[in-house]
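Results of the structural survey
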Amino acid sequence: MILKEFDVLSIEEIDKIESPGWLVHEIIPARGLVQVFGREGNGKTFLALDLALRIAAGMPWMGNRATQPGKVVYVVGEGVPGVKKRIAAWRTHHKVSREQLKNFWVVPEAVQLGEEPHIQGVVESIERVTGTPYADLIVFDTQARCTAGIDENSAEEMGVVVAALDWLRLRTGSTVLLIHHTPYREERGRGSSVVAGAIDTAIGVRKKEHVLTLSCGKQKDWEEFEKFKVGLLPLGESAVMVELDQSPELAEEVLTPEE
């Protein structure tokens, strides 16, 4: 039997451990496990894509929130044509060229998080295309599509998924972001609490008319950010996330009803 060796840290070595920092300042931690949750049709993919594209392009997020520019891999488990339209609308609105998104890639099929060949295969695929297995953000859209055949209410089965995600984060050095549906009238993602317990950051999304309300469901090791609203501006065949006070012209186009 080949035994696994483990690091055993002294108190001095523990004191030298550095904070991983932020992908999006005080919102998305670097090398963390993040879940964006909300009811179906509430704008979760718009949020995840906006975050992913801004990180890949090295743009601040929603005004003055600094991002750590880096390599982003977006796994599209469903609706590839729809994601294509959303990316096109985002590029048009922000006037971003293909060259500016050279650090953004899409996997156009679900990666099954319960299957070892899929987990190792996606890392090898990233390395084959980009030259390195390392990434800064990997998005799985959606968690359900990427856990086909797994009982999301089973602590044992979802524990295997969490272990796979931990391995993926360690192997790639990335933050992993899961998009997940929430049951009606509930304030967290569906399924076993094993995932909820493993998450570093949880972001809830609620949609009313053309306004998305983003709330902090969890910040494991940091102060929770305050709830805030963003607009969803129709553009072409899709829409883009915008700041409500971005400009007088946009403010007129974005509806801001009171909840």
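All of these numbers come straight from a predicted model, not from anything done at the bench.

Quick look at the pairing of strand β3 (residues 33-38)
Judged by how many residues are buried, β3 sits mostly within the fold: 6 of 6 residues are covered. Burial along β3 is two-sided: the face carrying Leu33, Gln35 and Phe37 and the face carrying Val34, Val36 and Gly38 are both buried. Note that β3 and strand β7 (residues 175-181) share 6 bridges and pair parallel. Counted as the bridge partner of Val34 is Leu177 from β7. In the sheet, β3 pairs with strand β8 (residues 201-208) via 4 bridges, with the strands oriented parallel. Residue pairing for β8: Val36 is matched across the bridge by Ile203.

Observations concerning empty space enclosed by the protein
This structure, assessed with the given rule, holds 2 cavities of 30 Å³ or more. Size it by volume and the largest cavity reaches roughly 60 Å³. Lining the largest cavity are Phe46, Leu49, Asp50, Leu53, Arg86, Ile87, Trp90, Ala239, Val240 and Met241. Secondary structure elements with two or more residues in the lining of the largest cavity: α2 (44-57), α3 (80-94) and β11 (238-242).

Brief notes about the pairing of strand β6 (residues 137-141)
Summarising burial for β6: 5 of the 5 residues are buried, a large majority. In β6, alternate side chains face the same way, and those of Leu137, Val139 and Asp141 on one face and Ile138 and Phe140 on the other are all buried. Pairing of strand β4 (residues 72-76) with β6, which is carried by 5 bridges, proceeds in the parallel orientation. Along β6, the bridge assignment pairs Val76 with Asp141. Examined bridge by bridge, β6 and β7 share 5 bridges and lie parallel to one another.

Notes on the pattern of salt bridges
Within this structure, the stated rule accounts for 6 salt bridges. One salt bridge connects Lys102 with Glu99, and the closest N-O pair in it is separated by 3.7 Å. Judged by relative accessible area, which is 53%, Lys102 ranks as exposed. Judged by its relative accessible area of 54%, Glu99 falls in the exposed class. Arg169 serves as the salt-bridge partner of Asp200, at 3.6 Å between the closest nitrogen and oxygen. With Asp200 in the loop between α6 (193-198) and β8 and Arg169 in helix α5 (residues 155-172), this pair connects stretches of sequence that are 31 residues apart. For Asp200, a relative accessible area of 9% translates into the label buried. Taken together, the shared-partner salt bridges in this structure form one network comprising Asp166, Arg169 and Asp200.

Let's talk about the sheet that holds strand β9 (residues 211-219)
With mixed pairing, 9 strands are arranged side by side in an open sheet as β5-β4-β6-β7-β3-β8-β9-β10-β11. Only two strands of the sheet have a single neighbouring strand rather than two, namely β5 (104-107) and β11. In this sheet, neighbouring strand axes are inclined to one another by 25° on average, regardless of whether the strands run parallel or antiparallel.

A closer look at the nonpolar core
The nonpolar side chains of a soluble globular protein tend to be buried with one another. Counting residues in hydrophobic clusters, the biggest one holds 46 residues, and the most contacted among them are Leu47, Trp61, Tyr74, Phe104, Leu177 and Met241. The leading source of residues in this core is α2, at 9 residues. The contacts of Trp61, once residues within four sequence positions are left out, are Val24, Ile27, Leu47, Asp50, Leu51, Arg54, Thr67, Leu214, Phe228 and Met241.

Let's talk about the confidence of the model for the protein
On average, the protein scores 89 in pLDDT, and the residues at 70 or more come to 91%. Low pLDDT (under 50) marks residues 255-259, which in the prediction has 13 contacts with non-local residues, meaning those over four places away or in another chain.

A word on a positive patch on the surface
There is a patch of like positive charges on the surface, built from Arg39, Arg206, Lys208, Lys227 and Lys229. Topologically, Lys229 is positioned in strand β10 (residues 228-235).

Parameters and conventions
Residues numbered from 1 in each chain as written. Predicted model: local features only at pLDDT ≥ 70, side-chain atom pairs only at ≥ 80, totals over all residues. Heavy atoms only, no water. Buried < 20%, exposed > 50% of the residue type's maximum accessible area, 1.4 Å probe, protein only. Helix = DSSP H or I, 4+ residues; strand = E, 2+ residues; numbered from the N terminus. Pairing = 2+ DSSP bridges. 1 Å grid on protein atoms, 1.4 Å probe; cavity = no way out; pocket = protein on both sides within 12 Å on 5 of 7 lines; lining within 4 Å. Points joined across faces, edges and corners; volume = space filled by probe spheres on them. Salt bridge = Lys/Arg side-chain N within 4 Å of Asp/Glu carboxyl O. Axes fitted to C-alpha atoms, helices over the stretch in contact; angles between N-to-C directions. Core = buried A, V, L, I, M, F, W, Y, C linked by side-chain atoms within 4.5 Å. Contact = heavy atoms within 4.5 Å. pLDDT = per-residue confidence, 0-100. Patch = residues over 30% accessible without salt bridge, like charges linked within 9 Å, V, L, I, M, F, W, Y side chains within 5 Å. Areas by Shrake-Rupley, 256 points an atom, 1.4 Å probe, with all protein chains shown as cover. Lys, Arg positive; Asp, Glu negative; His and termini not counted. Charge placed at Lys NZ, Arg CZ, Asp CG, Glu CD.

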